[in-house]
Amino acid sequence: MTTAPWRDPALPAAARVDDLLSRMTLEEKTAQLYGVWVGAATDGDGVAPHQHDMTAGSSDDDWDELITRGLGQLTRSFGTAPVDPAVGARALALAQRRITEAGRFGIPAVAHEECLAGFTAWRATAYPVPLAWGAAFDPPLVEEMARQIGRDLRAVGVHQGLAPVLDVVRDLRWGRVEETIGEDPYLVGTVGAAYVRGLESAGVVATLKHFAGYASSAGARNLAPVRAGTREFADVTLPPFEMALREGGARSVMAAYTERDGVPAAADPELLTALLREEWGFTGTVVADYFGIGFLQTLHRVAGTPAEAARLALEAGVDVELPTVKYYGEALVAAVRDGQVPQDLVDRAARRVLLQKCELGLLDADWRPEPAEPVPARLDSAANRAVARRLAEESVVLLDNPDGLLPLSPDSRVAVVGPRAADALAMLGCYSFPSHVLTHHPEVDLGIDIPTLLESLRTELPDAKVTFAEGCPVSDPDRSGFGEAVARASEADVCVAVLGDRAGLFGRGTSGEGCDVADLRLPGVQGELLDALVATGVPVVLVLLTGRPYALGRWHGRLGAVVQAFFPGEEGGPAVAEVLSGRVNPSGRLPVSVPRVVGGQPWTYLQPPLGLADEVSSLDPTPLYPFGHGRSYTTFAWEGAETPDAEIGTDGSYDLSLTVRNTGDRPGTEVVQLYLHDPVASVTRPDVRLVGYQRVALEPGGSARVTFRFHTDLSAFTDRTGRRVVEPGALELRLGASSADVRHTARLTLTGPVREAGAGRRLRCEVGVETTSEAEAEHA
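Being a predicted model, the structure only gives us computed values, none of them experimental. (Residues numbered from 1 in each chain as written. Predicted model: local features only at pLDDT ≥ 70, side-chain atom pairs only at ≥ 80, totals over all residues. Heavy atoms only, no water.)

> How do you make sense of the side chain of Thr 190 when you look at a structure like this?
Examined against the element boundaries, Thr 190 turns out to sit in helix α8 (residues 185-201). Given a relative accessible area of 1%, Thr 190 falls into the buried group. (Helix = DSSP H or I, 4+ residues; strand = E, 2+ residues; numbered from the N terminus. Buried < 20%, exposed > 50% of the residue type's maximum accessible area, 1.4 Å probe, protein only.)

Here it is as structure tokens:
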């Protein structure tokens, strides 16, 4: 029996796909360009914007007839409703069998799922949200987490994960801040690339989103127009995507919903083809954000018909319509036959999709949909939970502890007060399965064990007398519980006020997709509750479990301690409790600034001179706690810095070193940060920006020599002509414990001509660490 060339794994993928395309009809080609969301409900609000509008009457209603042409993707078989993972894996395998048996070529679909903070499925591990990854400043740990997520996805038959989010925060009022890694492109890029490496190492296609500019929406409104200028777009928005492609190896990109300067991302060939493919060399697939192609007609109004929307998206470079078929199906076939859409656009997209399926082994004759190993009823292993705990612990930020109130005394009377203390969902972000899906299924249990902070504190402090009062709801203006809360606090030695957000979708929460806010005051009447607790005179430890930072200037100097945790996941309760008890020494650092006043936004630390405090405005945007800030229960000395002034060429490099010593009596971790200050440039530049960092874990008395290998590529920026250049002149490299806490400065002079830093430029600052114990140091 002769095997068709496209089935021959010995042939190059390109040759196999060319052979396959030559055999396919137009209908079979277009069938590879869309997904089907068979489990999506068309009643109620659903789990995606405009889900009801965009799925009602779509062609996937007739599944049996549709799959005879083949199918590009299967949408969220696990992430739409609660399904036991083992049962879901069998159902997905059965669906794939039906697809391969119905189609002429027997090509399976790519199954995709959300995996922003873990596999968004029932009974799967709920990890900390991306903002917590940023707070940990630990890319290797994020890579390890992503690898475990990828293994769980592959174990049940999923090929593609819709993560990570690489949007750089520009306005903290935006609801999706929790989904981002932070407000600095270097931090977002290094941590995001680590996530991509982990997911891809497990054989799962990582999908970068949202490309590009989504977080720069005007007024922090979800899907609002992007107001970013050319240089801001090039120097703040795009670098994390480039890093994740070049250093992470991501194989898919998701086009954003938003438009910039009148052009929607899903209809922008300069973005999706000229930049992404021709300049950056991307060869994977571009997928639409859910219903994004339809939005070209219905929301953006740049297309008058489904055929026009399909043409615009294909011309721009969108290869796959998600989550379901409406524009790349029958409307596209008819438009091609009528001459409205060139068939070579269909062929181009189909070739990219099939090349990726070939890479995944989906064109091989011996491919089987059934899992290689039995699938457990839970995808929440002990190994998963261990990584979730480590990441949660590393992400907790001690903002303030002026009088050493923390750690808590083990036998004290502790009043735990607040609406986030006894609610398991206080630990989870919007894209966790319980917050994202289970709100539609109140009869179903969470599926995983999520200890609350109240439970965790009682476990962590068995000799303490721990009482509890809710005080108030998260967002409702109900003050009826204030009296009990004040009474419990008044009876205690210390009050732990646990306040924060409830994650949700489209206004059903205080944080999450579509949950944008007018200002940065604590939700509901939680601020008033905190005032009442402080007024008791009992020392108050404020613990924030949130998806964004909130303005805390009103209580500055009035609190015993302040602890910030950004939705720390299923192990967040024990992690925060261990920080409060002192079992864990906090090492998190702020990935976003904490504002002083509620109206001091929009503001992030990446500001040129006119964005900083000055004498010509009565508004001072200076944050209460700056980017990179975080305290510890131990102390560190920064010694022996080698930062001599130097003169180097515009294509040169410079090493700067220092020794960090743990001068306290307990183990701890310092995060050494390297910032760049450009005193004079041809365009305005941020006063400082992060270009390197390193976590340094030290035992008491231990020290480490940390060396940053700075290359001038890291000083590059976009000039007036649109080129990314390194300019001669003065630079300052600042070693700091935060963006505002500078410990040592190296002054450089760059000499030589202006140099263009092209596609091969260095994107990261390499760091070397040599650790010495206290005994070794004494012996030396």
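> For this particular structure, what's the right way to read the sheet that holds strand β17 (residues 646-649)?
Two strands in a sheet stick together by hydrogen bonds in their backbones, pointing the same way (parallel) or opposite ways (antiparallel). Spatial strand order, β17-β25-β24-β19-β20: five strands in an open sheet with mixed pairing. The sheet is open, and its two borders are formed by β17 and β20 (689-698), each paired with just one other strand. Between one strand axis and the next, the sheet turns by 25° as a mean value, whatever way the strands run. In this sheet, strand β25 (residues 742-751) lies alongside β17 in parallel orientation, the contact comprising four bridges. (Pairing = 2+ DSSP bridges. Axes fitted to C-alpha atoms, helices over the stretch in contact; angles between N-to-C directions.)

> For this particular structure, what's the right way to read the side chain of Asp 400?
By secondary structure assignment, the location of Asp 400 is in strand β10 (residues 397-400). In this structure Asp 400 touches His 556, Ala 561, Val 562, Tyr 625 and Arg 631, once residues within four positions along its chain are discounted. (Contact = heavy atoms within 4.5 Å.)

> Whenever I open this one, the packing of aromatic side chains confuses me. Can you help?
What describes a pair of aromatic rings is the distance from one ring centre to the other and the angle between the planes of the rings. Inspection of the entire model under this criterion finds 15 aromatic pairs. Taken together, a centroid distance of 5.8 Å and an interplanar angle of 80° make the contact between Trp 6 and Phe 105 edge-to-face. With Trp 6 in the segment before α1 (13-23) and Phe 105 in the loop between α5 (85-102) and β3 (110-114), this pair connects stretches of sequence that are 99 residues apart. Seen in terms of ring centroids, Phe 78 and Phe 119 are 5.5 Å apart; in terms of plane orientation they differ by 65°. Their pairing is edge-to-face. Here Phe 119 lies in the loop between β3 and α6 (130-136) and Phe 78 lies in the loop between β2 (73-75) and α5, a separation of 41 residues in the sequence. Accessibility expressed as a relative area gives 4% for Phe 119, which makes it buried. (Phe/Tyr/Trp six-rings, centres within 6.5 Å; stacked < 30°, edge-to-face > 60°.)

> I keep staring at the confidence of the model for the chain and nothing clicks. Help me out?
Averaged over all residues, the pLDDT of the chain equals 94, while 96% of them reach at least 70. Confidence drops under pLDDT 50 across residues 56-60; counting only partners more than four residues distant or on other chains, this segment forms 11 contacts. (pLDDT = per-residue confidence, 0-100.)

> I would appreciate a short explanation of the pattern of salt bridges in the present structure.
One side chain can pair with another of opposite charge once the charged atoms of both are near each other. Per the stated rule, a full pass over the model turns up 56 salt bridges. With a closest N to O distance of 2.6 Å, Glu 247 and Arg 764 form a salt bridge. One end of the pair, Glu 247, is in helix α10 (residues 239-248); the other, Arg 764, is in the loop between β26 (755-756) and β27 (766-772), with 517 residues separating them in the sequence. You can call Glu 247 partly exposed: its relative accessible area is 25%. Using a relative accessible area of 21% as the deciding quantity, one classes Arg 764 as partly exposed. As a salt-bridge pair, Asp 319 and Arg 352 come within 2.9 Å of each other at their nearest N and O atoms. Placement of Asp 319 in the loop between α13 (306-316) and α14 (330-337) and of Arg 352 in helix α15 (residues 343-359) is noted, with a sequence separation of 33 residues between them. Residue Asp 319 shares its accessibility class with Arg 352, and that shared class is buried. (Salt bridge = Lys/Arg side-chain N within 4 Å of Asp/Glu carboxyl O.)

> Would you take a moment to explain the nonpolar core for this structure?
Across soluble globular proteins, nonpolar side chains show a tendency to be buried alongside one another. Membership of the largest hydrophobic core comes to 215 residues, with the highest contact counts inside it found for Tyr 195, Phe 211, Val 318, Tyr 328 and Leu 552. At eight residues, α15 tops the list of elements feeding residues into this core. Contact partners of Tyr 195, with chain neighbours within four places excluded, come to Cys 115, Trp 133, Val 142, Met 145, Ala 146, Ile 149, Ala 163 and Pro 164. The next biggest cluster of nonpolar side chains, apart from the first, holds 35 residues, and it includes Leu 398, Leu 408, Leu 454 and Val 543. (Core = buried A, V, L, I, M, F, W, Y, C linked by side-chain atoms within 4.5 Å.)

> How should I be thinking about unusual backbone geometry in this particular structure?
Negative phi values dominate among residues other than glycine, just as trans dominates among peptide bonds. Of the consecutive residues Lys 209 and His 210, the connecting peptide bond is found in the cis state with omega at 5°. Along the chain, His 210 turns up in strand β5 (residues 205-211). Following Phe 211, the chain continues to Ala 212 via a peptide bond in cis, the omega torsion being 0°. Phi angles above zero are rare outside glycine, and Arg 301 is one such case at about 60°. Classification of Arg 301 as exposed rests on a relative accessible area of 68%.

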